[in-house]
Amino acid sequence: AQSVTQPDIHITVSEGASLELRCNYSYGATPYLFWYVQSPGQGLQLLLKYFSGDTLVQGIKGFEAEFKRSQSSFNLRKPSVHWSDAAEYFCAVEEPTGGFKTIFGAGTRLFVKA
Amino acid sequence: SQTIHQWPATLVQPVGSPLSLECTVEGTSNPNLYWYRQAAGRGLQLLFYSVGIGQISSEVPQNLSASRPQDRQFILSSKKLLLSDSGFYLCAWSAGVYEQYFGPGTRLTVT
């Protein structure tokens, strides 16, 4: 069965520092991959997605993610974190052949210190 | 542009009472619709999804049910709430096998 692992429950970084959030998936083929962000008490917002092609994808708010097939990973990065980036981040996978079900990771909560 | 609405935003209900949460989507036709529950400090648990009117798939057996009476309306219900039903309920839509767009959520507290 497909699964998504986000090894870090929470991460704290200083404002202006770089950020990398880890995501590993278990799936027989290459799934569609997503990163979502959730501010407290809000719904989820799509940051970026990977379907095929260039393995480095750019998203909104200055985020990027790199798909590494050999490592079954899709890590999210940002070169310089802003205090407004404090939120919970979810990695998700979906079968490219349909099924209409997206599997979400447990999430990583990001804290930003001044 | 497309928008998704959920109501109510917050709800406090006693154990054993009924539940009805509503979700509506505007600006698109024949969307896939989803209900998720997010317990405190947990990820998202898919409860139901629907690919068309009257077509509901349940992912987790429990005392909740879902209905899709209209193309862009998705309702989550329960006849008798349990304490364990407390959580943050999110509705989402997608245009097939693509990213999902989430509503603002409903915070349900069962007392």
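Every value quoted in this text rests on a predicted model; they were computed, and no experiment measured them.

Peer 1: Just checking my understanding: could you explain the side chain of Ser-73 of chain A for this structure?
Peer 2: Residue and element names in this part refer to chain A. Looking at where Ser-73 falls in the secondary structure, it is placed in strand 9 (residues 73–78). Owing to a relative accessible area of 3%, Ser-73 belongs among the buried residues under this scheme. Excluding its chain neighbours within four sequence positions, the residues that come into contact with Ser-73 are Cys-23, Asn-24, Tyr-25, Glu-66, Phe-67 and Lys-68.

Peer 1: Is there a simple way to think about the pairing of strand 11 (residues 106–110) of chain B in this case?
Peer 2: Each regular strand shows side chains that alternate between the opposite faces of the sheet. Residue and element names in this part refer to chain B. Side chains of strand 11 alternate between two faces, with Thr-106, Leu-108 and Val-110 buried and Arg-107 and Thr-109 left unburied. With 4 bridges joining them, strand 2 (residues 10–13) and strand 11 adopt parallel strand pairing. The residue bridging Leu-11 from the neighbouring strand is Leu-108, located in strand 11.

Peer 1: For this particular structure, what's the right way to read unusual backbone geometry?
Peer 2: Where the residue is not glycine, phi is negative for most of them; where a peptide bond is considered, it is trans in most cases. The omega angle of the peptide bond from Trp-7 of chain B to Pro-8 of chain B is 0°, so this bond is cis rather than trans. Considering the arrangement of structural elements, one finds Pro-8 of chain B in the loop between strand 1 (3–7) and strand 2. Its identity as a non-glycine residue notwithstanding, Ser-72 of chain A has a phi of 50°, on the positive side. Residue Asn-30 of chain B is not a glycine yet carries a positive backbone phi of 50°. Along the chain, Asn-30 of chain B falls in the loop between strand 3 (19–26) and strand 4 (32–38).

Peer 1: I keep staring at the sheet that holds strand 3 of chain B and nothing clicks. Help me out?
Peer 2: The pairing of strands in a sheet comes from backbone hydrogen bonds and takes either a parallel or an antiparallel form. Residues and elements named next belong to chain B. The sheet built from 4 strands is open, its strands ordered 1-3-8-7 with antiparallel pairing. The sheet is open, and its two edges are formed by strand 1 and strand 7 (64–70), each paired on a single side. Direction aside, the axes of adjacent strands within the sheet are offset by 20° on average.

Procedures and definitions
Residues numbered from 1 in each chain as written. Chains lettered and ligands numbered in written order. Predicted model: local features only at pLDDT ≥ 70, side-chain atom pairs only at ≥ 80, totals over all residues. Heavy atoms only, no water. Helix = DSSP H or I, 4+ residues; strand = E, 2+ residues; numbered from the N terminus. Buried < 20%, exposed > 50% of the residue type's maximum accessible area, 1.4 Å probe, protein only. Contact = heavy atoms within 4.5 Å. Pairing = 2+ DSSP bridges. Axes fitted to C-alpha atoms, helices over the stretch in contact; angles between N-to-C directions.

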